[in-house]
Amino acid sequence: MTFVLATLKEDEYTELLDGIKDILKECYQITEDEAMVVIHEGNEKAQELLIDYLPYIDSIHEIISGIRDTLDNHMNLVFQEEEIPNKMIYEAAAWYAFEYVRCYYKSTVNFV
């Protein structure tokens, strides 16, 4: 089940490992090298635990797809408008609504 971790960018993976190392070093008074050994030894168990998160990951993918589909629908309305002033208004409104929801979603997800 490494596909979940494979979706992380290199800098995100580094940040993840650094955070775990810091927790281990602080809680167990071990060295950085010892923390890395523990992390690597715990990798298989982590893969097993990730299975518990799959329903949530699927839900997140559905939400993202829904948001993209809604933007596409709104942009199709923009492209159907023939008068330039109205087209600009619709496009600005579509992007405003999308960015508003995107920012809300990002701030909500970052809260976890």
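Side note on the packing of helix α4 (residues 54-80) against helix α5 (residues 84-111)
Link 1 in the chain: At a minimum axis distance of 8 Å, the contact between α4 and α5 shows a crossing angle of 170°. Regarding the angle of α4 to α5, the classification is roughly antiparallel. Between α4 and α5, the contacting residues are I60, I63, I64, I67, L71, H74, M75, V78 and F79 on the first element and K87, Y90, E91, A94, W95, F98, V101 and Y105 on the second.
Link 2 in the chain: Class assignment for the residues of the contact of α4 with α5 results in 14 nonpolar, one polar and two charged.

What to know about the packing of helix α2 (residues 10-28) against helix α3 (residues 32-50)
Link 1 in the chain: Viewed as axis vectors pointing N to C, α2 and α3 meet at an angle of 115°, and their least axial separation amounts to 9 Å. Classified by the angle between their axes, α2 and α3 sit roughly perpendicular to one another. Both α2 and α3 take part in a crossing whose hand is right-handed. Residue-level inspection shows L17, I20, K21, L24 and K25 of α2 in contact with α3, the latter providing E32, A35, M36, V38 and I39.
Link 2 in the chain: Looking at the contact of α2 with α3, its residues break down into seven nonpolar, no polar and three charged.

Reading the values: rules and limits
- Residues numbered from 1 in each chain as written.
- Predicted model: local features only at pLDDT ≥ 70, side-chain atom pairs only at ≥ 80, totals over all residues.
- Heavy atoms only, no water.
- Axes fitted to C-alpha atoms, helices over the stretch in contact; angles between N-to-C directions.
- Helix = DSSP H or I, 4+ residues; strand = E, 2+ residues; numbered from the N terminus.
- Parallel < 35°, antiparallel > 145°, perpendicular 65-115°, else oblique.
- Contact = heavy atoms within 4.5 Å.
- Nonpolar A, V, L, I, M, F, W, Y, C, P; charged D, E, K, R; others polar.
- Left-handed = near helix turned anticlockwise from the far one by under 90°.

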